[in-house]
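Report on the structure
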Amino acid sequence: MNSLIARLIAQRLALGISLLFAVSMLIFAGTQILPGDVAQSILGQGATPEALANIRRELGLDQPAWQRYLSWLGGILQGDLGTALSNNRDIAESLGRRVNNTLFLAFWTAVVAVPLAILLGLVAVRYQNRWPDRLISGSTLTAISLPEFFIGYLLIYFFAVQLNWFPSVASVHDRMNLGERLHAIALPAATLTLVILAHMMRMTRAAILNVMQSAYIETAELKGLRSLLIIWRHAFPNAVSPVVNVVMINLAFLVVGVVVVEVIFVYPGMGQYLIDHVSKRDIPVVQAVCLIFAAVYIGLNMIADLVSILSNPRLRHPK
Amino acid sequence: MSRELNFLSQQVILGRLSRRDFLGRAAALGISIPVATSMLSSAALAASPVKGGSLRAGMQGGESTDSLDPALWTSQVQHSFGQSWGEALTNVSPEGDLVPRLAEEVHSSDDAREWTFKLRRGIQFHNGKEMDADDVVATLERHSDEDSQSGALGIMRGIESVRKTGNYEVVVTTTEANADLPFLLSDYHLMIQPNGGKDAPEAGIGTGPYRVVEFEPGVRQRAVRFENYWNPDEFGHADEIEILIINDTTSRMAALQSGQVDVVNRVEPSIVDRVANLSNVQVQSVSGRAHYVFVMHCDTAPFDNNDLRLALKYAMDREDMVNRILRGYGTIGNDFPINAAYPLFPEDIPQREFDLDRAAYHYRRSGHDGPVVLRTSEVAFPGAVDAAQLFQQSAAQAGIDIEVRREPGDGYWSEVWNAQPFCASYWSGRPTQDQMYSTAYISNADWNDTRFKRDDFDQLARQARGELDEARRQEMYRDMGLMVRDEGGLILPMFNDYIEATSDRVQGWTPHPMGEMMSGYALSRLWLSA
């Protein structure tokens, strides 16, 4: 059993890494296709031919593409992401800080949102088609229907401006301790929770309801078990696989898709960092950020796969 | 003495009335000028700065690509932060007068080509080194280097040499006579750095009232008061200043309203009336030199025909633009890039009116037929798309068919502006009239976005630059203004006000027409009420 799991993990890891290599090639090719080369975008309008040639040589742009790709990849494998063209800062250092912030917000949002979504899903199943189910479905669907910036502004208006409970500016910094940080991110985390709650809750509800039709659930009911216990002990384990997939997609969203929330709450995450550099055609940064986004997606999907397989004996022992 | 006068002097202190307005109104009340000025200073004394506290600004205009190297500054966040930790040789006062900063005395040779700057002694950089002539020379050298990509390069091109003539004396020689040189050296890129910043351009070390302690581009920038600052009476009142970059307008206002920041820049005209109604917030607006424009290339058909250009100029309803696009927070323009905020403004140039008959007359004379394509974009200036449509409607009344083409914001400044023959754009002001004209209106200017190429204009600009007699100079600027107004490719419907807002805690706001945030001095000159 253990060796089986180890082999499975190794297999998936190898797959993920080779996928990441393929993605890195795509990213590199994609940024090469972009109109205007890097030297041109650094110098802008005042570009003279010799200055262009100088910069191209400095950046190694006169070498063939495959050579540049290999040296870029080599740098990344050693943790060297290069320096940003726009302000000469070390990418790994400034990006690292941003990645931490993004993960911090994503983590605490997930800590609240995932258990809450699953719990609400279980309750909705227990009271299927009665008022608790309708209330839960109705309110979460309303929240997901509102654009996230609108939810953000509503929360700011009530909780920051009117009640003054939480700050509207969630700009965390090094001098804050954990408690202060959590206080600062309360509103963005709440906004994101409202955004992702419905998706996970609905999937939990649907997946469990699917299982609830099975004969063994009927048996459990006939044994006289309490209904929440049946749902939690008997139905939920068999519904884990689709739920985990949806949870992972939402976690990935929390990492790569929260630019709007970052802008509204002035949160120093990766999204704004990427956008600023795209508009300046700062290719090394764009490549680095894209690679991290790809790694997050691949990593989370890999985890989803593993959990699904481990939770399902049929997948664990493929014929 | 009347209550009205007391009220007026309070208004000056609160920054609602400029000093000049105050003197004018005081004169109307029958008080002679010496009395009026002394009243003003006693009122200013009554509201003398309080030291201490932490002053926070929420500002639009910062990006994670920003740098601490003054040469690379382009945005208003860098401008404001830079003015807090760095100092230039000179400053320009709100009235447009030259104010010494690191240089304590400036004088020129009779031909206005050799300028001697006597530096203040005993000024310390944040790293403990004493500032002397070597640092000044090195700074000016660094910004003159063609490879430096310095934003002040255009200014430095007019400088032939910079020499040290003593430990605290620097002589700057210009390539041709330039009466404005000391004004030009007030440029915010030209912060004096140790050894000119040649060793570490991004170290953020200057001589200013605040010392950089945290620089996270696009997020926050923080500085604490520099203990050994030379002029603590005037600058550096708060113990600590911080700029939070809040690019979203709604969030910026929420942060001000909930007390997380004390000052915000760029209050949008569309919401300013609502902001003014908030109980704990003051709106600060000042009419400045920035302007919104439509530019035509004078050398490209059909705009190479002056009658067509005049037809378009007469077809612009300026009052309507100011009311609708700026909601009244601005003043109408007169098709040349100078307004009363500049020293030596030629006051007697008649205002161009909205005149459909003349527009139709010139349009007929131009012989042009068919639509005129006007390119615009949201990034050209706030409300540029609406403004283009308003223009389209007013021109249609004169029988001129303007076709508004909306361009994507990405690439607007490289593909459309200064490339296409007719488009919307904006300009922020320059320290002097000469600098404005040399940046965009003389034949070989880098940013001659109207392709206005006239030898007589260039020559006049050169003469005016070297003219030390102010009356003669003003006369020349009048002629130049008229040329641009009547023959240039510039349609200038409006000068936009700078609109900012402060919380009740903040005092000491003095409007400065040169730029946003009291021309960048807000953070070092404001104080927090105890």
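Residues numbered from 1 in each chain as written. Chains lettered and ligands numbered in written order. Predicted model: local features only at pLDDT ≥ 70, side-chain atom pairs only at ≥ 80, totals over all residues. Heavy atoms only, no water.

**Quick word on the interface of chain A and chain B**
Between chain A and chain B, the residue contacts involve 30 residues of the former and 31 residues of the latter. Summed over both sides, the interface of chain A with chain B buries roughly 2,500 Å², with 44% coming from carbon and sulfur. Where chain A packs against chain B, one counts 2 salt bridges. In this structure, E216(B) engages R97(A) in a salt bridge whose closest nitrogen and oxygen atoms are separated by 3.6 Å. Where chain A touches chain B, the interface holds 10 residue pairs in polar contact (both at pLDDT 80 or more). (Contact = heavy atoms within 4.5 Å. Buried area = accessible area lost by both parts, 1.4 Å probe. Salt bridge = Lys/Arg side-chain N within 4 Å of Asp/Glu carboxyl O. Polar contact = N/O pair within 3.5 Å; in protein donor to acceptor, adjacent residues only side chain to side chain.)

**Remarks on the UniProt feature "domain: ABC transmembrane type-1" (unreviewed entry) in chain A**
The sites that carry the UniProt feature "domain: ABC transmembrane type-1" (unreviewed entry) are, in the present numbering, residues 99–304 of chain A. The distance separating the terminal C-alpha atoms of residues 99–304 of chain A is 22 Å; by composition the span is 82% helix and 0% strand. (UniProt positions renumbered as here; feature names shortened; annotations may be inferred. Helix = DSSP H or I, 4+ residues; strand = E, 2+ residues; numbered from the N terminus.)

**Side note on helix 16 (residues 455–466) of chain B**
All names here are of chain B. The terminal C-alpha atoms of helix 16, which comprises 12 residues, lie 17 Å apart, in line with the 16 Å expected from a rise of 1.5 Å per residue. Those residues of helix 16 not exposed but buried are F457, D458, L460, A461, A464 and R465. Taken around the axis of helix 16, the buried residues stretch over an arc of 160°, which confines them to a single face. Those residues of helix 16 hidden inside the fold are in contact with helix 15 (433–440) and helix 17 (470–487). (Expected span 1.5 Å × (residues − 1). Buried < 20%, exposed > 50% of the residue type's maximum accessible area, 1.4 Å probe, protein only. Arc of directions from axis to C-beta.)

**What to know about the UniProt feature "domain: Solute-binding protein family" (unreviewed entry) in chain B**
On the UniProt side, "domain: Solute-binding protein family" (unreviewed entry) is annotated at positions that read residues 98–448 of chain B here. Spanning residues 98–448 of chain B, this segment combines 25% helix with 24% strand, and its end C-alpha atoms are found 28 Å apart.

**Let's talk about the packing of aromatic side chains**
Applying the stated criterion across every chain yields a total of 22 aromatic pairs over all chains. With a centroid separation of 6.1 Å and an interplanar angle of 45°, the aromatic rings of Y69(A) and W72(A) are classed as tilted. Residue Y69(A) and its partner W72(A) are both found in helix 4 (residues 65–77); the two are separated by 3 residues, about one turn of the helix. Owing to a relative accessible area of 10%, Y69(A) belongs among the buried residues under this scheme. Ring centres of W73(B) and Y188(B) lie 6.4 Å apart, and the angle between their planes is 5°; on these two criteria the pair is classed as stacked. Note that W73(B) is positioned in the loop between strand 1 (54–59) and helix 4 (76–85) and Y188(B) in the loop between helix 7 (181–184) and strand 8 (210–216), a separation of 115 residues in sequence. (Phe/Tyr/Trp six-rings, centres within 6.5 Å; stacked < 30°, edge-to-face > 60°.)

**Side note on the pattern of salt bridges**
On inspection of all chains with the given rule, the structure shows 40 salt bridges over all chains. One salt bridge connects R352(B) with D335(B), and the closest N-O pair in it is separated by 2.8 Å. Of this pair, R352(B) sits in the loop between strand 13 (330–332) and helix 12 (356–366) while D335(B) sits in the loop between strand 13 and helix 12; the two residues are 17 residues apart in sequence, bridging distant segments of the chain. Residues joined in a network through salt bridges with shared partners are R175(A), E214(B), R220(B), R222(B), E240(B) and E242(B).

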